[in-house]
Amino acid sequence: MEKQEIIHQLTRAIIIEFEMKIDSIEVDEDFVNDLGLDSLNIVDMVILTEKIFDIRITSEEVQGIRTLNQLADMVILKIQTK
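Quantities reported herein were computed from a predicted structural model and do not represent experimental measurements.

S.K.: How would you summarise the side chain of lysine 78 if you had to cite specific residues and measurements?
M.R.: Tracing the backbone shows lysine 78 in helix H4 (residues 68-80). For lysine 78, the side chain forms a polar contact with the side chain of glutamate 61, separated by 2.9 Å. If near-sequence neighbours (up to four positions away) are discounted, lysine 78 is found in contact with Ile55, Arg56, Ile57 and Glu61.

Here's what the structure looks like:
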């Protein structure tokens, strides 16, 4: 799966899940500082990501994820190591 496709799927899912009034998310926008998500939103976002891509992301791995780009990289890593 290409990174652009992963980013597209994640963007759509995040915008819908959190009812954001935006059309897109820049890949380097910070989830907390730029998009206003809190720690519970981040947990929900990770669970959603795990369901979409049938992967498991540990709580330690989540701590290093602050942007859509980082989340997409994590998805790629997890898919490759399945």
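S.K.: I'd like a description of the nonpolar core, backed by residues and values.
M.R.: A general tendency of soluble globular proteins is for nonpolar side chains to be buried together. Within the largest apolar cluster, 25 residues are counted, with the highest numbers of intra-cluster contacts made by Leu10, Ile14, Met20, Phe31, Leu37, Met45 and Ile57. For this core, the secondary-structure elements that each account for two or more residues are helix H1 (3-17), helix H2 (39-53) and H4. Ranked by residue count, the leading element in this core is H4, at six residues. Contacts of isoleucine 57, omitting those with residues within four sequence positions, involve Val46, Thr49, Glu50, Val62, Ile65, Leu71, Met74 and Lys78.

S.K.: Could you give me a rundown of the packing of H2 against H4, with the residues and numbers involved?
M.R.: Put simply, H2 and H4 touch, their axes get as near as 11 Å, and they point 40° apart. Classified by the angle their axes make, H2 and H4 are oblique. The way H2 lies across H4 gives a crossing that is right-handed. Listed contacts from H4 to Met45, Thr49 and Phe53 of H2 are Leu71, Val75 and Ile79.

S.K.: For H4, give the residues involved together with the corresponding values.
M.R.: In this model H4 runs 18 Å from its N-terminal to its C-terminal C-alpha over 13 residues, within 8% of the 18 Å that 1.5 Å per residue would give. Among all positions in H4, only Leu68, Leu71, Ala72, Met74, Val75, Ile76 and Lys78 are buried. If you follow the buried residues of H4, they end up packed against H1, H2 and helix H3 (59-62).

Conventions we followed
- Residues numbered from 1 in each chain as written.
- Predicted model: local features only at pLDDT ≥ 70, side-chain atom pairs only at ≥ 80, totals over all residues.
- Heavy atoms only, no water.
- Helix = DSSP H or I, 4+ residues; strand = E, 2+ residues; numbered from the N terminus.
- Polar contact = N/O pair within 3.5 Å; in protein donor to acceptor, adjacent residues only side chain to side chain.
- Contact = heavy atoms within 4.5 Å.
- Core = buried A, V, L, I, M, F, W, Y, C linked by side-chain atoms within 4.5 Å.
- Buried < 20%, exposed > 50% of the residue type's maximum accessible area, 1.4 Å probe, protein only.
- Axes fitted to C-alpha atoms, helices over the stretch in contact; angles between N-to-C directions.
- Parallel < 35°, antiparallel > 145°, perpendicular 65-115°, else oblique.
- Left-handed = near helix turned anticlockwise from the far one by under 90°.
- Expected span 1.5 Å × (residues − 1).

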